[in-house]
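Commentary on secondary and tertiary structure
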Amino acid sequence: MNGISGFAGFALRRALATVVTLLAVSVIVYVVFYVTPGNVAQITCGPRCSPAQVQQVAEQLHLNDPLYVRYGHFLQGIVAGQDYSTGTSVAHCPAPCLGLSYQSDQQVTELILTKLPVSLSLVLGAMVLWLLLGVGTGVLSAWRRGRLSERVLTAITLAGTATPVFVIGLVLMIVVCGELELLPFPQYVALTDDPEQWAWNLLLPWLSLALIEAAAFARLTRAAMLETLAEDHIRTFRAYGVTERAVIGRHALRGALAPVIALNANNVGSAVGGAVLTETLFGLPGIGQELVHAVHVVDLPVVVGMVLVIGFFVVLANAVADVLYAVADRRVVLA
Amino acid sequence: MSLVEVTDLGVAFGAVRAVDGLSLRLDPGASLALVGESGSGKSTVAAALLGLHRGTGARVTGSVRVAGTDVQRASEEELRRLRGAKAAMVFQDPLSSLDPYYAVGDQIAEVYRVHARVSRRAARARAVEVLDRVGIPDAVRRSRARPHEFSGGMRQRALIAMALACGPELLIADEPTTALDVTVQAQILDLLHTLRAETGMGLLLVTHDVGVAAESADDVLVMRHGRVVERGPVAEVLGAPREPYTRELLGAVPRVDAVREAGAGAGAGAGAGAAAAAAAAAAEAVTGTESGASGAGGLPTAVQAPGAEARDVVLEARGLRREFGRGKRAFTAVDDVSVTVRRGETLGIVGESGSGKTTLGRMLVGLLEPTSGEVRFEGRARDGVHPAVQMVFQDPVSSLNPRRSVGESIADPLRARGERDEARIRERVRELLERVGLEGAHHDRYPHEFSGGQRQRVGIARALAADPRVIVCDEPVSALDVTTQAQVVALLGELQRDLGLALVFVAHDLAVVRQVSDRVAVMRRGRIVEEGPADEVYDAPRDPYTRQLLAAVPSLDPRTAAERRAARRDLAVA
Amino acid sequence: MSESLLASAAAGTDTPVPAAPGARPFWRRLRAQRAALVAAVVVALLVLVALGAPLLTALEGQDPTTYHPSLVDSARGGVPVGPLGGVSGDHWLGLEPQTGRDLFARLVYGARVSLGVALAATVVQTSLGVLVGAAAALGSRWVDQVLSRLTDIIVALPLMIMSLALLAIVPSSFPRPLLVTLVIGFIGWGNLAKIVRAQTLTLKGLDHVSAARLSGWGTWHVARRELLPGLAAPVLTYAALLVPMNISAEAALSFLGVGVKPPIPSWGQMLTAANVWYQAAPQYLLLPAGALFVTVLALTVLGDGVRTALDPRAGSRLRVGTGRKEGSA
């Protein structure tokens, strides 16, 4: 409406809402995990601890303080850092401090930072792949609608949406690495060490994660384009002799842009879930694999920290997508 | 050689024959209006001229020649060269007819470049040129705006500019003003008139509105059920119709003119004509008493002593105000409006879109709470809804629950009142159905089995079931064809006479409002700009806006139309 | 008078438009789709298998939990003895490597877990979504604000991650399938709530709802009679798509070892173990993978069919000429 100022205002309001959402997520996650039915101190200490030892652990973890005090500490740690006494010495955990692992006494923030590049490589790479594959297939099947090639594409994408990511991954790994021996079993190589090896090793994980998402995008792109094609303004351009290629490539595709952005935001969450499965399956040392491990050994600070970091990325992705959506769909009233 | 030559055109969608054996000719520079009610096949003919039925599964027979192209036999490429370049089309809904994501100027330039081998820049310049030509102020800047940043009238101008871009020989306009307010409609029709005079292009106008046809075309062709009913010069066909259907159609058209042409309806003789005549007579009788003429005894208003008036007020609104939104987006839909409705009278509320008339209607029945002010029913302040104040809604589709039989819907107020005796409910519903001109046997049918007019009757029956004192009708006939419209209006008049109801008739159509109203209030931007007895407001309008509105109403008489056009120019200058 | 009106109405152009709401056209439109029909049959069979799991295994004479150490070759690491991974008259689909548990029994009992958890979770999600969405749409501004924010947060939480984490902290004494159901159900209702809220707001603006209010009925009556039936179509559509998503979610959680735990069989769990055995006992991998694939595919196709049947517009798209032949879209 009134250009930049209105848009900047919108972006600012969206940013504020994001901060509020993040705080709410942290409260929910914290409360849920530290008000568990189980005895945290007992779990942490292990089944063979004596009551006295359990009591000691509880002291150490401030488990006897009221919940809001503990949450306050936790929040303070994130903002300002915190000191921990590990019995004999005092360790400083700089901001943003997510606490110490019960298992290894390692700082959770540090742990996450070492694992983050792997997960980001996986998710971002796969995202490029699924957008290219998905939107491309969608455009193609809208363009070839009613023909055999469209039916084949529709069948493939349908099968794609119906296959759980770990099944695709498993099959890909067995066929490509096991039977055909086209690629070695993936092993993570850092991008900074060897970009080529990085890409080769991530190829299969990318594919497994991207294929199922791409199928969803293909279906959405096709549906959104067909919806646009049924709208009145398409009739206008056809009635003015505009070629079918221009009608599809310019007008129908433009109509599908906003829904694609919205879906991409919506799917970041599910993609992160898929990344956990992919990492576990291919043994990639990312956040997902670490999270599964932490869950198995009930390492609460690690679990909470990782859920928060993942939540942070998902909420952030949603906020960015919201702003992009507003740019893409200028019919949206900025509010 | 003629510009358009259609011979024995037939268009069938499956088993439905939308157009059947239609032939027409249009000479270069001439203008022809296709007039018909919904389902007459008029838009189908327009689409067939550009071959738009190809690939839709419609069966098209006969021959269509437009500007030297045999549309039936032309190749894809030939057809594309015809579309836009030689024959351009303007559609009904200007908002949805433009791509919401691209600037208006770019869309026009895109179309221009399809037909002219010019640079992007030159095409853009052409777009600005035609936008300027259709009267878009500051065309260079506005050409960069997207359609939603335009008003309805501006969008339609932009579509016409797109049509002009390639300098076509024929302009096909499919209901070009149906989505527009009456003042904007007049501007668009004037624009088409001017452009035609300047460029000499032929015009094929498709419309349901006989008035619009009379305003803009030399010849008229009346269609019904896919066939031609009557054709000829406008003055001849509309002045002295030969066919019964044309007479019926014309008889049903409400007139805004001071001289009530009751004779036109009475002369028709056909069923609907008689109904329309009855409506006109009823309306006249009521209006007559209100304006002081004696002789229409038996009506409640006729025997009112001046002192009794205050007791007779059934519904009263005092200082009603309604805001929507908050903060910077706050907007006042209704601003300090006071109206009174007396027993047995009809108050017409007329205004264009956005004037606040619907908001006012909803506040009167209590569906919407006013921000300030109060609504008094029979002298007492009232909150929320009251069964004695009912409403008839505009949209005959959404006003009935598709999942419930019409009998159930009509019985709603009875059950809500606590009636439990099924036999009595059924009997009362049957009575009501018959009262509104439907059959008692319709009780168990579902809304989709009824036509628009019949559904509107069901809506009226449901309102009556509550034994109301006042019925607020919100655009009750605007979704209906003109003959159906006349029947529903006649029914409302009849019910009012028999039951002594007070009616509030909210509508945008000045002619319909005049037809039914004793008193009329004209609304603009949330305020009442003028209120008074119907004849006074219509014949001697005091407010400039009322004058502007009345001057914009299309006339059935081409001569009057020319006079009005001149009057509009004067008003615009003034 | 009224008769003449009716006569002229019949003679005029004001004829009813054939539109067909209601239940019967839904079934007709669903039946008209061959793929959906096939999918419905497959789903029906799967449900029968799940329900009749004890019967089927009794017929085979096996159960899903008994070890058969004698039938696996411990020298070769536990590969089942016999052809095709131990397929025989006693063990129709062979045996699980290492433990020697009957694969057929584990597969049909797995169907039970898979379908049971997915359906129950869908019920939880749908109830919560409808409740929260409708309350947000019908409640005061304040209620709407709070519930909409809550919905936003729930949508922002990644389902897999939250379930994974939640499943870790609940004591193992809690019945696992019930827990998985609750976790998936309580996290996955956000999008449905959004849909229900939007649809309720649309319905609320319809004139027949206003008319019902004018009749004198109270809010609750109007909501129940005029709004709820209108919500059925979108809710059913979305719920139909939730079922396959929940099947995948349960399988994924069990695959990661935090879902349904042994000895209760589950397809996801079988896949975890099968990873290692694909060369020696390929059917151990292929059976659960295939079962998952077929189930999710059939449910997805059926969900699509339900949507098409409930939304006739989807079928009547593309009416305007494109200058070329088009399929039925």
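For the structure itself, consult the block above.
Attention here is on the structure that accompanies the text. From a predicted model like this one, the values you see are computed outputs, not experimental measurements.

With 43 residues of chain C in contact, the opposing surface of chain A contributes 46 residues. Examining the composition of the side of chain C that touches chain A, we find that 9 residues originate from one element, helix H7 (residues 159-169) of chain C, more than from any other. Residues of the side of chain C that touches chain A, tallied by class, amount to 32 nonpolar, 7 polar and 4 charged.

Moving on: helix H6 (residues 148-162) of chain A. Taking 1.5 Å of rise per residue, the 15 residues of H6(A) would be expected to cover 21 Å, and the 21 Å separating its terminal C-alpha atoms lies within 8% of that figure. Of the residues making up H6(A), those classed as buried are Thr157(A), Gly160(A), Thr161(A) and Ala162(A). Contact partners of the buried residues in H6(A): helix H5 (108-143) and helix H8 (195-229) of chain A together with helix H11 (219-255) and helix H13 (282-310) of chain C.

We now examine the interface of chain B and chain A. Taken residue by residue, the interface counts 23 residues in chain B and 12 residues in chain A. Counting only elements with at least two residues in the side of chain B that touches chain A, the list comes to helix H2 (76-82), strand S6 (87-90) and helix H3 (104-115) of chain B. Considering only residue class, the side of chain B that touches chain A consists of 11 nonpolar, 5 polar and 7 charged.

Another aspect to go through is helix H10 (residues 244-282) of chain A. Each α-helix turn comprises 3.6 residues. Residues three or four places apart therefore point the same way. All names here are of chain A. Along its 39 residues, H10 runs just 45 Å from first to last C-alpha, ending more than 12% under the 57 Å computed at 1.5 Å per residue. Of all the bends in H10, the greatest, near 40 degrees, is centred on Val 268. A positive phi of about 65 degrees marks Gly 283, the residue just after H10.

This part covers the nonpolar core. Of all hydrophobic cores here, the largest spans 342 residues; its most connected members are Val504(B) and Leu164(C). By residue number, the principal contributor to this core is helix H5 (residues 103-138) of chain C, which donates 18 residues. In this structure, Val504(B) is in contact with Val341(B), Leu347(B), Ile349(B), Gly361(B), Leu364(B), Val470(B), Val472(B) and Cys473(B), ignoring residues within four places of it in sequence.

Next up on the list: the sheet that holds strand S1 (residues 4-13) of chain B. Residue and element names in this part refer to chain B. Pairing within the open sheet is antiparallel, and its 4 strands lie in the order S2-S1-S4-S5. Edge positions in the sheet fall to strand S2 (16-26) and strand S5 (69-70), since each has one partner strand and no second. Direction of pairing for S1 relative to S2: antiparallel, over a ladder of 7 bridges. By the bridge assignment, Val 6 is partnered in S2 with Leu 24. Packed onto the sheet, helix H1 (residues 42-49) meets S1, S2 and strand S4 (59-66) and runs at close to 115 degrees relative to S1.

Turning our attention to unusual backbone geometry. Residues and elements named next belong to chain B. In the Ramachandran plot, Asp 8 falls in the positive-phi region, its phi being about 50 degrees despite a non-glycine side chain. Structurally, Asp 8 can be placed in strand S1. Classification of Asp 8 by C-beta neighbours within 10 Å gives exposed; the count is 11. One non-glycine residue, Glu 475, lies in the positive phi region at around 45 degrees. Residue Glu 475 is classed as partly exposed on the basis of its C-beta count, with 19 C-beta atoms lying within 10 Å.

Right, let's talk about the packing of H5(A) against H6(A) for a bit. Residues and elements named next belong to chain A. Running from N to C, H5 and H6 point in directions that differ by 145 degrees, and their axes come no closer than 9 Å. Seen along the crossing, H5 lies across H6 with a hand that is left-handed. Note on element contacts: H6 touches H5 through Glu 150, Leu 153, Thr 154 and Thr 157, opposite Thr 137, Leu 140 and Ser 141. Of the residues in the contact of H5 with H6, the class split is 2 nonpolar, 4 polar and 1 charged.

Residue and element names in this part refer to chain B. Reading across the sheet, the 6 strands line up as S6-S7-S8-S3-S9-S10 and stay open at both edges, with mixed pairing between neighbours. Two strands close off the open sheet at either side, each with one partner strand: S6 and strand S10 (227-233). Looking at each pair of strands side by side, their axes are set apart by 15 degrees on average, direction ignored. Bridge count for strand S3 (residues 31-35) against strand S9 (residues 219-224) is 4 bridges, and the pairing is parallel. Looking at S9, one finds that Leu 34 is bridged to Leu 221.

Once that is clear, we can look at the environment of Leu30(C). You can see Leu30(C) is positioned in helix H2 (residues 23-31). Dropping the residues within four chain positions of it, Leu30(C) is found in contact with Ala36(C), Gly305(C), Val306(C) and Ala309(C).

Criteria and cut-off values
- Residues numbered from 1 in each chain as written.
- Chains lettered and ligands numbered in written order.
- Predicted model: local features only at pLDDT ≥ 70, side-chain atom pairs only at ≥ 80, totals over all residues.
- Contact = placed C-beta atoms within 7 Å.
- Helix = DSSP H or I, 4+ residues; strand = E, 2+ residues; numbered from the N terminus.
- Nonpolar A, V, L, I, M, F, W, Y, C, P; charged D, E, K, R; others polar.
- Expected span 1.5 Å × (residues − 1).
- Buried ≥ 20, exposed ≤ 12 C-beta atoms within 10 Å, placed from the backbone.
- Bend = angle between axes of the 7 residues up to and from the residue.
- Core = buried A, V, L, I, M, F, W, Y, C linked by C-beta atoms within 7 Å.
- Pairing = 2+ DSSP bridges.
- Axes fitted to C-alpha atoms, helices over the stretch in contact; angles between N-to-C directions.
- Left-handed = near helix turned anticlockwise from the far one by under 90°.

Take it as geometry only, folks, not as evidence of what the structure does.
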